[in-house]
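Here is how the chains run, residue by residue.
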There are 4 protein chains.
Amino acid sequence: MNYQQILKDIHQAILPYAQEGKQADYIPALARVNPEQFGMCIHTIQGRTFPEGDAFVPFSIQSISKVFSLAACLSFEGDELWRRVSKEPSGTAFNSLIQLEVEKGIPRNPFINAGAIVLADVLLKHLKHPEDDFLRFVRALAGNNRIDYNPEVASSEQACGYLNAAIANLLKYHHNIEGEIERVLHFYFLMCSVEMTCCDLARAFLPFANHQKPFDFDGIRLTASQVKRINAIMQTCGFYDEAGEFSYLVGLPGKSGVGGGIAAIYPKRYAVAVWSPRLNAKGNSVMGIKALELLTTETQESIF
Amino acid sequence: MNYQQILKDIHQAILPYAQEGKQADYIPALARVNPEQFGMCIHTIQGRTFPEGDAFVPFSIQSISKVFSLAACLSFEGDELWRRVSKEPSGTAFNSLIQLEVEKGIPRNPFINAGAIVLADVLLKHLKHPEDDFLRFVRALAGNNRIDYNPEVASSEQACGYLNAAIANLLKYHHNIEGEIERVLHFYFLMCSVEMTCCDLARAFLPFANHQKPFDFDGIRLTASQVKRINAIMQTCGFYDEAGEFSYLVGLPGKSGVGGGIAAIYPKRYAVAVWSPRLNAKGNSVMGIKALELLTTETQESIF
Amino acid sequence: MNYQQILKDIHQAILPYAQEGKQADYIPALARVNPEQFGMCIHTIQGRTFPEGDAFVPFSIQSISKVFSLAACLSFEGDELWRRVSKEPSGTAFNSLIQLEVEKGIPRNPFINAGAIVLADVLLKHLKHPEDDFLRFVRALAGNNRIDYNPEVASSEQACGYLNAAIANLLKYHHNIEGEIERVLHFYFLMCSVEMTCCDLARAFLPFANHQKPFDFDGIRLTASQVKRINAIMQTCGFYDEAGEFSYLVGLPGKSGVGGGIAAIYPKRYAVAVWSPRLNAKGNSVMGIKALELLTTETQESIF
Amino acid sequence: MNYQQILKDIHQAILPYAQEGKQADYIPALARVNPEQFGMCIHTIQGRTFPEGDAFVPFSIQSISKVFSLAACLSFEGDELWRRVSKEPSGTAFNSLIQLEVEKGIPRNPFINAGAIVLADVLLKHLKHPEDDFLRFVRALAGNNRIDYNPEVASSEQACGYLNAAIANLLKYHHNIEGEIERVLHFYFLMCSVEMTCCDLARAFLPFANHQKPFDFDGIRLTASQVKRINAIMQTCGFYDEAGEFSYLVGLPGKSGVGGGIAAIYPKRYAVAVWSPRLNAKGNSVMGIKALELLTTETQESIF
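Residue indices follow the written sequence of each chain, beginning from 1 at its first position. Throughout, the order in which chains and ligands are written sets their labels, letters from A for the former and numbers from 1 for the latter. Owing to the predicted nature of the model, reporting of local features is limited to residues with pLDDT of at least 70; listing and counting of side-chain atom pairs is limited to 80 or more, with chain, interface and lining totals taken over all residues. Side-chain metrics rest on all non-hydrogen atoms present in the structure, leaving aside hydrogens and water.

1. A few points about the relation of the copies chain B and chain C
The two chain copies are related to each other by a rotation about an axis together with a translation along it.
In step 1: Rotating chain B by 180 degrees and moving it 0.0 Å along the rotation axis overlays it on chain C with an RMSD of 0.0 Å. The superposition of one copy onto the other is thereby described by a two-fold rotation axis.
In step 2: We call two residues in contact when some of their heavy atoms are within 4.5 Å. Take the interface residues of chain B: 100% of them recur as interface residues in chain C, which is what a same-surface contact looks like. Only residues with pLDDT of at least 70 in both copies count here: their C-alpha atoms drive the least-squares fit that superposes the copies.

Next up, the structure:
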């Protein structure tokens, strides 16, 4: 498969969508990103890399980081983790308090905000130096030691993060947060603030595609079965209330972020990352979803 | 009407219910109150007082204080207030976040927690020395300068008040809190911590029954129409999701608190307060509701 | 009190609102009513009648009939009735299925559609000739033997009544309908189709205001306490999700209908009916509510 | 892969779960099925069949038939279909009216009851002899002309199908049913009443796994892309509110039915059917899910 040519063709084909959607602007650091950018990168299990467009420009990965948190939490807790968070699709907006109230503090899945805040709390319990340790894990996954947090992003998020603070307080009320709320939120926002390029992300997701090789990064270890199950959760829960649509259009497990990035995997073959800041009404990158749809249509490679 | 004898008879008649229900125990100061107590007091517009049982024992008035907050807010804001809070019955538990999320940060009424937190924010805007000013208003209503906050109650409430913190953050997210969240919650909990006796409460509610006399207490002024409308809100919203039941059984506007108190008024005749710590499943005093039901049945005096 | 002059003044004062709102048009018989009409009538316990405007024009009373159904059901079942229907305000639109599903087939109150469909089922159990018997009861209340159903209205309602059929099926699923669904709905729609004038309605509601006199009409008997409690339910539940607003503005127990009518009572004094077809967004008559607000403001007579 | 031996081992391994769960008993025909049965069958794209246990006993496929309906509807309507039904996971119980009311008559996906009732309506529009035509399609898929409806099952379902009647009426209210309600429900229940064996089902699902071969059965044609997308919908929506759990444990697209059957596919390899009547709390076969979990664990073959 000539992935380089395919990505080039896709880039051409999606240009008409370049003005569609609206980039996140709730914090200055996201609002000032040039929305005209588009990057994409495939990284295969053979170790080949196919960059396209702005594939080397770092961006805020935001919720994509929740896949890394989940991997670390599963490594520490195994199936015990599922006592504190479910693994069902949410069926409603990603930040809904309604479900959390009805279900008495058990988030519907680890990828909605409530679930990821619980993950942050779990990690704080297990990691000695949470900020350093999480970063080292991500750097090891991506094989790039220059990856870093953006503290400005993290602190603006926290400064205006009333909805997430509401969620954290509701979780605490239901005894599903052990740590101190401010501390948990600080770590949660910091993890979301990691900046990576499409190529970094494609490399960092490859281990989820390549479960025939042992998963062991900076001491975080998962079995092949655990890796597959993370993929299953990406498949059903990775795109907020657009998971069904993404599964229908693209047919790959993946995770999106409000910064405009999407990472996805084609098991046993490759990981792919795409980025473009303008989002659709559900909070997912317009060009990103379009590009991935074209990728699986063109290659006829999907999990189905 | 021989109110003294009637109260005495009621006290006898409700003794069989003395063990029913369960007192609030989410903070130590409420948990250690002797639940065997029962007090009641009628105060008429002629100025006569009819105490019964533990009518002179101070207790935590909790949500009953929301009537005082509402009176002060209406005095400052008039009908502008209703842009920030509705006046419809809630139909669900008093601390539900669901309604608040669906209705985008506008609390259903001023007596659910969300509504009262907005009232606290409004008062902070208008009062120079909020803590002192609110207390002076309550003391003036009750004609008793020894009435005071219980700071221990307020601070234990705040320490475990994750649900109210969730509500306040959700309100702030929807731009319906102007002040700083910690400050608003501090004042909210402090107002709830006021301690009064049944006789204090009956006197403090008399001005709501006696709207033929000008309402003017420590500079807080209301028109007769505003006073009546506060009564209307007590009638439809004063008992959480038991407002219909209370209206059906008792037929008087009133307001209950989780400390086991209830204050009610019979317009143009009297105000009545009752207190007994054990609560039913909806959070209202078992003996209190029973006593008021007997009062209106016995006297055949209700608003209907 | 010079009610005749007051009604005349009110009529003048509300003319500016004559074009506001939109009449019900979901069935032809309602759509073709001339919306420019306004009628009002007070009937006092002294037996005096004060008509104003189109007070002698018959209109479709629709949901106002639910007060008559409730009176008959309470007469037959007493407090047993409350095992099948609650008496709390609904807090949501009058035809919501959500509440019914969450609360497992127990309607929130007898005045939302689900509750009134249960009332119809109860009446079918107790009445030998339900259609005739109910009509005789209403005629006896109003003292007018020419009052009748409008079968065209009833059958167009049933023909397009998918939402009510959904409600009835959901009630049946939860075992809260005993009869056959078609039969229950037929009777429900027929009761709603009764046509009365404002003067008929004012007379028919007088017994609810005048509970010092025995309530006994065509064999339907209620105690004074039961009559007062029907008033209490009107107060908290009579105006769909605008019950709080009506209580606040008007301060009288009442019931509205989608035909533009409202009946209300001032206990121990009078009953009042008002009618004008244009409805506000909550389904209540714009001019009707305005007129009643002016009435209680002008007379300073309300239950509060 | 020695599927025969694997199925035999699985059968042994799951015997301890034989008494877990509870078979459907809401209609006599389902209640009287011997719950001790367990059948399983794999059918590969090479045409090999691996039966195990009661693999040749016919059972009521119930909701599994919704996959066949969806295939036929997509063939007729293409992506136009998605104007009347979404393709997102429901996140709540399969028969919830709440979502349908909130989302104004657009069912969340084609596999919840509301969605499948819309599918029945769509088919009635396109099929000349709906009952005959649908049956011929299923027979063609399974290559078995003796497959048939069970009219007793269909008529008992309809007789007690108040919840589905409520759903159909709510759909009609929102203009999302074109046909007559009784007619639509009759056809819906009839399609659910089809009886097949595990071996029938495995064969009938093979075309969904084998999308490299043209899909064309009795005139119902789908593109390879459409077939894959049906798989995607099975993956995210095939197990009511247990879709995430099934995806996590099993990792294959599939569809369950309340009769205790589950059909699933491993794309490009095989289709598998399993049946055992006892259901877990979410309405899915206990032994069925366990058997499929063991299958993908043992073979290490899943889509992830």
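Text resumes after the structure shown.
2. Quick look at helix H3 (residues 65-77) of chain C
In step 1: Under the DSSP-based scheme used, a helix requires at least four consecutive residues in state H or I and a strand at least two consecutive residues in state E, with every element numbered from the N terminus. Take the number of residues in a helix, subtract one, and multiply by 1.5 Å to get its expected span. Counted at 1.5 Å a residue, the expected span for H3 of chain C with its 13 residues is 18 Å, and the 18 Å between its end C-alpha atoms agrees.
In step 2: The positive-phi residue at the C-terminal boundary of H3 of chain C is Gly-78 of chain C, with phi of around 60 degrees.

3. Brief notes about the interface of chain B and chain C
Interface size, as often reported, equals the accessible area lost upon joining of the parts.
In step 1: At the junction of the two partners, chain B supplies 34 residues and chain C supplies 34 residues.
In step 2: The term buried area denotes the loss of accessible surface (1.4 Å probe radius) that occurs when two parts are joined, taken as the sum for both partners. The contact between chain B and chain C buries some 2800 Å² in all, and 52% of this surface belongs to carbon and sulfur atoms.
In step 3: Interface area lost by chain B to chain C is led by Arg-229, Tyr-248 and Phe-304 of chain B, which between them contribute 32%.
In step 4: Here, a salt bridge means any side-chain nitrogen of Lys or Arg that lies within 4 Å of a carboxyl oxygen of Asp or Glu. For the pair chain B and chain C, the interface holds 4 salt bridges.
In step 5: Between Glu-245 of chain C and Lys-87 of chain B there is a salt bridge whose closest N-O contact spans 2.6 Å.
In step 6: Here a polar contact is taken to be a pair of N or O atoms separated by no more than 3.5 Å, where protein atoms must pair a possible hydrogen donor with a possible acceptor and residues adjacent in sequence count only if both atoms sit in side chains. Inspection of the region where chain B meets chain C yields 18 residue pairs in polar contact (both at pLDDT 80 or more).
In step 7: The biggest single contributor to the side of chain B that touches chain C is helix H11 (residues 224-237) of chain B, with 7 residues.
In step 8: When the residues that make up the side of chain B that touches chain C are grouped by side-chain class, the tally is 13 nonpolar, 10 polar and 11 charged. Charged means Asp, Glu, Lys or Arg here, nonpolar means Ala, Val, Leu, Ile, Met, Phe, Trp, Tyr, Cys or Pro, and polar covers whatever is left, Gly included.

4. Here we look at the interface of chain D and chain A
In step 1: The interface is formed by 33 residues belonging to chain D together with 33 residues belonging to chain A.
In step 2: Summing both partners gives a buried area of about 2800 Å² for chain D against chain A, and 52% of it is carried by carbon and sulfur.
In step 3: For chain D, the biggest contributors to the area lost against chain A are Arg-229, Tyr-248 and Phe-304 of chain D; these three give 32% of the whole.
In step 4: Between chain D and chain A we count 4 salt bridges in total.
In step 5: If you look at where chain D meets chain A, you find 18 residue pairs in polar contact (both at pLDDT 80 or more).

5. Some details on the environment of Ser-75 of chain D
Residue and element names in this part refer to chain D.
In step 1: Structurally, Ser-75 is set in helix H3 (residues 65-77).
In step 2: C-alpha of Ser-75 to C-alpha of Met-40: the two residues are 35 residues apart in sequence and 29 Å apart in space.
In step 3: When sequence neighbours within four positions are dropped, the list of residues in contact with Ser-75 reads Ile-220, Arg-221 and Leu-222.
In step 4: Here Arg-221 takes part through its backbone oxygen, which lies 3.4 Å from a polar atom of the side chain of Ser-75.

6. Let's talk about the confidence of the model for chain A
In step 1: pLDDT runs from 0 to 100 and stands for how confident the predictor is about each residue. Confidence in the prediction for chain A averages 96 pLDDT; 99% of positions are at 70 or higher.
In step 2: Model confidence for the complex: the whole-complex pTM is 0.93, and ipTM, which rates the interface, is 0.92.

7. A look at the nonpolar core
In step 1: With 440 residues, the main nonpolar core has Phe-68 of chain A, Phe-68 of chain B, Phe-68 of chain C together with Phe-68 of chain D as its most contacted residues.
In step 2: Sequence-distant contacts of Phe-68 of chain C, that is, excluding residues within four places in its chain, are made with Ile-61, Phe-134, Phe-137, Val-138, Leu-141, Met-196, Leu-201, Ala-204, Phe-205 and Phe-208 of chain C. What makes a nonpolar core is a set of buried Ala, Val, Leu, Ile, Met, Phe, Trp, Tyr and Cys residues whose side-chain atoms join them at distances within 4.5 Å. Three labels apply to residues, based on accessible area from a 1.4 Å probe with only protein chains included: buried if under 20% of the type maximum, exposed if over 50%, partly exposed otherwise in between.

8. Here's the deal with unusual backbone geometry
In step 1: One non-glycine residue with positive phi stands out, namely Tyr-240 of chain B, at about 55 degrees.
In step 2: Summarising the element assignment, Tyr-240 of chain B is placed in the loop between H11 and helix H12 (243-249).
In step 3: Classification of Tyr-240 of chain B as buried rests on a relative accessible area of 6%.
In step 4: The backbone of Gln-300 of chain D sits at a positive phi, close to 55 degrees, despite the residue not being glycine.
In step 5: Of the residues examined, Gln-300 of chain D reaches a relative accessible area of 54% and is grouped as exposed.

9. Brief notes about the pairing of strand S1 (residues 39-44) of chain D
All names here are of chain D.
In step 1: Counting buried positions over the 6 residues of S1 gives 6, a clear majority of the element.
In step 2: A two-sided burial pattern is seen for S1, the buried positions comprising Gly-39, Cys-41 and His-43 on one face and Met-40, Ile-42 and Thr-44 on the other.
In step 3: Alignment of S1 against strand S2 (residues 49-53), held across 5 bridges, turns out to be antiparallel. Looking at the pairing, Ile-42 lines up with Phe-50 of S2. Strand pairing is assigned whenever DSSP identifies at least 2 bridges connecting the two strands.

10. Brief notes about the relation of the copies chain D and chain A
In step 1: By a simple turn and slide, chain D fits onto chain A: the slide is 0.0 Å along the axis, the RMSD is 0.0 Å, and the turn is 180 degrees.
In step 2: Both copies share a contact surface, since 100% of the interface residues of chain D are interface residues in chain A too.

11. Side note on a negative patch on the surface
In step 1: Here the term patch refers to residues with relative accessible area over 30% and no salt bridge, with like charges joined within 9 Å and nonpolar side chains (Val, Leu, Ile, Met, Phe, Trp, Tyr) within 5 Å. Method for areas: the Shrake-Rupley scheme with a 1.4 Å probe, in which residue coverage is limited to the protein chains shown. Charged residues are defined narrowly, with Lys and Arg counted positive, Asp and Glu counted negative, and His plus the chain ends left uncounted. To locate a charge, the coordinates of NZ of Lys, CZ of Arg, CG of Asp or CD of Glu are taken. Judged by side-chain charge, Glu-180 and Glu-182 of chain A together with Glu-180 and Glu-182 of chain B come together as a negatively charged surface patch.
In step 2: With respect to the helices, strands and loops of the structure, Glu-182 of chain B is situated in helix H9 (residues 181-192).

12. Looking at the sheet that holds strand S1 (residues 39-44) of chain A
All names here are of chain A.
In step 1: An order of S2-S1-S9-S8-S7 is seen for the 5 strands of this open sheet, with the pairing classed as antiparallel. Strands at the two margins of the open sheet, each flanked by one partner only, are strand S2 (49-53) and strand S7 (254-256). Each neighbouring strand pair of the sheet contributes to a mean axis angle of 10 degrees, computed without reference to strand direction.
In step 2: Alignment of S1 against strand S9 (residues 270-275), held across 6 bridges, turns out to be antiparallel. Its bridge partner lying in S9, Ile-42 is registered against Val-272. Note on method: axes are straight lines fitted to C-alpha atoms, helices fitted across the in-contact stretch only, with angles between N-to-C directions ranging 0 to 180 degrees.

13. Quick notes on the pattern of salt bridges
Residues and elements named next belong to chain A.
In step 1: Applying the stated rule across the entire model yields 64 salt bridges over all chains.
In step 2: For the salt bridge of Arg-136 with Asp-218, the shortest nitrogen-to-oxygen distance reads 3.2 Å. Residue Arg-136 is found in helix H6 (residues 130-142), and its partner Asp-218 is found in the loop between strand S5 (215-217) and strand S6 (220-222); the two are separated by 82 residues along the sequence.
In step 3: Residue classification places Arg-136 among the partly exposed residues on the basis of a relative accessible area of 39%.
In step 4: A relative accessible area of 37% means that Asp-218 is categorised as partly exposed.
In step 5: What you see here is one network of salt bridges that share partners, running through Arg-84, Asp-121 and Glu-178.

14. Let's talk about the environment of Ala-71 of chain C
In step 1: Within the secondary structure layout, Ala-71 of chain C lies in helix H3.
In step 2: As a C-alpha pair, Ala-71 of chain C and Arg-229 of chain C span 158 residues in sequence and 10 Å in three-dimensional space.

15. Thoughts on the packing of aromatic side chains
In step 1: To pair, rings of Phe, Tyr and Trp, with the six-membered ring standing in for Trp, must have centres within 6.5 Å; the planes then decide the type, stacked if under 30 degrees apart, edge-to-face if over 60, and tilted in the middle. Counting across every chain of the model gives 52 aromatic pairs over all chains.
In step 2: Consider the rings of Phe-205 of chain C and Phe-208 of chain C, whose centres lie 5.5 Å apart with planes at 45 degrees: the pair is tilted. Linking Phe-205 of chain C with Phe-208 of chain C, this pair stays in helix H10 (residues 198-209), spanning 3 residues, or about one helical turn. One exposure class covers both Phe-205 of chain C and Phe-208 of chain C, and it is buried.
In step 3: A cation sits over an aromatic face here: Lys-87 of chain B above Tyr-248 of chain C, 4.6 Å from the ring centre. Whether a charge sits over a ring depends on NZ of Lys or CZ of Arg being within 6 Å of the ring centre and within 35 degrees of the ring normal.

16. Some details on the state of the cysteines
All names here are of chain A.
In step 1: When two cysteine sulfur atoms are found within 2.5 Å, that pair is recorded as a disulfide. Per the stated rule, a full pass over the model turns up 0 disulfides over all chains.
In step 2: Looking at the unpaired Cys-192, the closest cysteine sulfur is the one in Cys-160, lying at 12 Å.
In step 3: Relative accessible area serves as the criterion here: at 4%, Cys-192 is assigned to the buried category.

17. Brief notes about the sheet that holds strand S8 (residues 261-266) of chain B
Residue and element names in this part refer to chain B.
In step 1: If you walk across this open sheet you meet the 5 strands as S2-S1-S9-S8-S7, and the pairing is antiparallel. Taken across any chain shown, the strands that pair with only one partner, and hence form the sheet edges, are strand S2 (49-53) and strand S7 (254-256). Averaged over all adjacent pairs, the angle separating strand axes in this sheet is 10 degrees, with direction ignored.
In step 2: The strands that helix H13 (residues 286-299) touches are strand S1 (39-44), S8 and strand S9 (270-275); relative to S9, the one it contacts most, it runs at about 145 degrees.

18. Considering the arrangement of the chains
In step 1: Between chain A and chain C there is no contact; the minimum C-alpha to C-alpha separation amounts to 11 Å.
In step 2: Chain B shows no contact with chain D. Their nearest C-alpha atoms sit 11 Å apart.

19. What about the packing of H3 of chain D against helix H11 (residues 224-237) of chain D?
Residues and elements named next belong to chain D.
In step 1: At a minimum axis distance of 11 Å, the contact between H3 and H11 shows a crossing angle of 140 degrees. In terms of orientation, H3 lies oblique with respect to H11. Pair H3 / H11 crosses with right-handed handedness. Counted together, Val-67, Leu-70, Ala-71 and Leu-74 of H3 and Gln-226, Ile-230, Ile-233 and Met-234 of H11 form the full contact between these two elements.
In step 2: Residue composition of the contact of H3 with H11, by class: 7 nonpolar, 1 polar and no charged. An angle counts as roughly parallel when it lies under 35 degrees, as roughly antiparallel when it exceeds 145, as roughly perpendicular when it falls between 65 and 115, and as oblique in every other case. Take the far helix as the reference: if the near one is turned anticlockwise from it by less than a right angle, the crossing is left-handed, and if turned clockwise, right-handed.

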